Amino acid sequence: MDLLKKLNPQQRKAVAAPDGSVLVLAGPGSGKTRVLTHRVAWLVQEMDVAAWRIMAVTFTNKAAREMRARLEQLLGSSRARSLTLGTFHAACARILRREHEAAGIPRDYAIFDADDQLRLVKQALKELGYDDKLYRPQSMRGAISRAKNELILPGAYSTVSYRDEIVKRIYERYQALLKANNGLDFDDLLMVTARTFGQNPDVLAKYQERYRHVLVDEFQDTNQAQYTLLQQLSGLHRNLFCVADEDQSIYAWRGADYRNIRRLRDDHPDLTTILLEENYRSTQTILDAARAVIRHNPDRTDKSLFTQRGRGPEIVVHEAYDQDDEARFVVDTIARLTAQAGIRPGDCAVMYRTNAQSRALEDAFIRAGLPYRLVGATRFYARREIKDVIAFLRLIHNPAEGVSMARVINVPRRSIGTKTVTVLENAARERECSVYEVLGEIPAGLGTRAQRALTLFLKMVEGWVAARESMTAAQLIDRVLEDTRYNDYVRDDSDEGEDRWANVQELRNVAADYEDLTLTDFLADVALVSDVDSLGGEEVDAPTLLTLHSAKGLEFPIVFIVGLEEGILPHSRSLNDPDQMAEERRLMYVGLTRAEDRLFLTYAFRRTRYGESEYTETSRFLDDLPSNLVSGSWRQRREAKRQENRGTGVWGSKQGNSPSAVHNSQFTTRDPQFKAGQRVRHAAFGEGMVIESRAAGSDEIVTVAFEKVGLKRLMVGLAPLELAGS
DNA sequence: TGATCGCGCCTTTTT
DNA sequence: GGCGCGATCA
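Presented here is an overview of the structure given in this document.

What counts as what
Residues numbered from 1 in each chain as written. Chains lettered and ligands numbered in written order. Predicted model: local features only at pLDDT ≥ 70, side-chain atom pairs only at ≥ 80, totals over all residues. Heavy atoms only, no water. Helix = DSSP H or I, 4+ residues; strand = E, 2+ residues; numbered from the N terminus. Contact = heavy atoms within 4.5 Å. Areas by Shrake-Rupley, 256 points an atom, 1.4 Å probe, with all protein chains shown as cover. Axes fitted to C-alpha atoms, helices over the stretch in contact; angles between N-to-C directions. Left-handed = near helix turned anticlockwise from the far one by under 90°. Nonpolar A, V, L, I, M, F, W, Y, C, P; charged D, E, K, R; others polar. Expected span 1.5 Å × (residues − 1). Buried < 20%, exposed > 50% of the residue type's maximum accessible area, 1.4 Å probe, protein only. Polar contact = N/O pair within 3.5 Å; in protein donor to acceptor, adjacent residues only side chain to side chain. Pairing = 2+ DSSP bridges.

### A short note on the overall build of chain A
Assigned secondary structure in chain A consists of 30 helices and 21 strands. Pairs at least 24 residues apart make up 72% of the contacts formed inside chain A by residues separated by at least 6 positions. As displayed, chain A offers around 33400 Å² of accessible surface, 47% of which is attributable to carbon and sulfur atoms.

Okay, structure coming up:
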């Protein structure tokens, strides 16, 4: 009974629910995931269900990883490890690999990511002769993806308008291209699995019998394909356990349908619904603010979130001059807070609507010489150099795969230009074979230079393919890097080049962990894992920078949400669509409810967007905050400031004593404290020599050549920098 | 073939 | 402000 000891009565009821379908509806911070985790442990321990008979799916790899870690604590590692725990996509990928015959797909299919999808869409557009200005590849890909999420094949694509007709044709062509490349895209993983189950009752029965219990986290973010899969899988035992919060549904744009909650109620008349309203994460102030924002949404059941944590500090709303000033405020505040006892840098998170906003923040952290963790952004596996190496591996795995071939045939440059490639691709189409096969019999009409280059390339790839069985993934990577002289290609003496090379090495290290697994397994995993730290990165005690979307499911003692301006949050794309606006509101709600203790909301007076600096309008979400929750009367101050600025276009009060105002006044410069040639010491970077120092507003920017870490630019006001004894 | 330049469009958000 | 794409030149 230990499992239930620390839970409240509602949580306990959910965890120890008898067989049958259960829906747990809960607000943020109510221990949803904890309930799910305990439910799994409960089934294994108390109900004696074999771990491998339980399928638990979550939304992200990260969530799955964390849940597994918690289960290891509860159950011991051996039992936790045998659990089928992961994302929908990974689960389907595994099922499809096993059932490829019934699914009618090759066993060694490759998983195509968003980038690959876009290439195929572009190719389809080109082949069909459509204008990619009129039919944007991105939007076409979106339409195809949406169709697949709703389990609609090209043949059944409904065409109301002429544009739909075009989409349908592109979709058809796109599917043909996928097939020709032995590829399945992310959406296919779900759609093909659902279809396979639908058409092969015997296959489905196997999995229905196997999984006595199916558990789902973040159920509000499932799409139709996923809902169908859940219905299919739980069809026999009917033990479907879903955890959801409709107010946190923020993925409608990619097909998530929170109406699945209603569907679940309709399809399971015996459904047990349990509400969790007590919040264990945030102060009452934060909860009240979150509720004030979310209550404007229509069609929702208002939950009264409550906590026993007390009111806590007021919310701080801060107006900055521009995005750099905003970033500086964030860094400054974090530096100040962490100087106090009990607050560590890792307790802080900075959230923003779009990835583009991270740049100013990163700059500010770098200038202050403070470390930070960036989640997402240019994801590891989306980096050019990583995609290159993976394309080589995919080519070795299946030389007939055209997308990878096209990617690397001239990388690094080996004098195989677009013209040559076009000739090859045309020949391949004529002969109805792959480009790789064409290389064995080079078509006429190519110069000797091109021919020689192609032969060399072919010999190289053939060598790899021949070695494929006898080498591990890591060895293959080494071989590829060596043969292509990839090293010389990426390391161009720039910092960026070094970073790229380091990334390649990182990938190699990841591959080294796959010693006993095949190249196929490695490639499948790599396609499904989205960021590198889910493959085991070290935890550092530093503030986290992340988008509001990727903040879901996380919590931090101190949260900053930046860019609270109309057009940013809410995003400009949602301003005239009530449904999308409701989603923006939920996004804001997710952000607010990540905070445990303190909340800082910032906006800038002007912001540079698309290279142009514009005056901003504060976010409607700020207006929703009851003033008794916010420290000071920022609203009045904002009005006063705007009044004052009218006509001058200048920001900041003349007597301004806020840090941002000081920054903006150019006349408070003082003499630099450091001079070129001086030896200095920095807490984190060690010793170095000052190269240059110049005043910047009231602060000073010093460029230092550190012995260990090289050149860094630091703000004296923020960097722990001191003169070193000569 | 490959480097360079100007142009247009852009950015949501992720498995 | 930056990226991809097409046009243009060495």
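### Digging into the packing of helix H11 (residues 186–199) against helix H13 (residues 224–233)
Helix packing geometry: the angle between the two helix axes and the distance between the axes. Orientation of H11 relative to H13, taken along the N-to-C sense of each, is 35°, at an axis distance of 9 Å. Taken as a pair, H11 and H13 cross one another with a handedness that is left-handed. Taking contact as the criterion, the partners of Leu190, Thr193, Ala194, Phe197 and Gly198 in H11 are, on H13, Ala225, Gln226, Thr228, Leu229, Gln232 and Leu233. Taken together, the residues that form the contact of H11 with H13 break down as six nonpolar, five polar and no charged.

### A look at helix H16 (residues 323–339)
Residues three or four positions apart in an α-helix share a direction because the helix packs 3.6 residues into each turn. Its 17 residues give H16 an end-to-end C-alpha distance of 24 Å, which sits within 8% of 24 Å, the value for a rise of 1.5 Å per residue. Every buried residue belonging to H16 is among Gln323, Asp325, Glu326, Ala327, Arg328, Phe329, Val330, Val331, Thr333, Ile334 and Leu337, and all of these are buried. Sitting at the head of H16, Asp322 places a side-chain oxygen 3.1 Å from the backbone nitrogen of Asp324.

### Quick word on the environment of Ser415
Here Ser415 is to be found in the loop between helix H19 (402–408) and helix H20 (418–431). Along the sequence, Ser415 and Leu454 sit 39 residues apart, while their C-alpha atoms lie 8.8 Å from each other.

### Quick word on the sheet that holds strand E14 (residues 595–604)
Taken in spatial order, the six strands line up as E9-E14-E13-E10-E12-E11 in an open sheet, and their pairing is parallel. Every interior strand has two partners, whereas the edge strands, strand E9 (316–320) and strand E11 (373–374), have only one. The strands touched by H16 within the sheet are E9, strand E10 (348–352), strand E13 (556–561) and E14, with E14 carrying the most contacts at an inclination of about 155°. The strands touched by helix H27 (residues 578–592) within the sheet are E10, E13 and E14, with E14 carrying the most contacts at an inclination of about 130°.

### Remarks on the pairing of strand E15 (residues 606–609)
Relative to strand E16 (residues 612–615), E15 runs antiparallel, the two being bridged by four bridges. Within E16, the residue paired with Thr608 across the bridge is Ser613. The hairpin formed by E15 and E16 contains two residues between the paired strands, and Tyr610 there has a positive phi angle of roughly 50°.

### What to know about the side chain of Ser619
Tracing the chain through its elements places Ser619 in the loop between E16 and helix H28 (620–623). Classification of Ser619 by relative accessible area gives buried; the value is 0%.

All we've got here are geometric facts, nothing functional implied.
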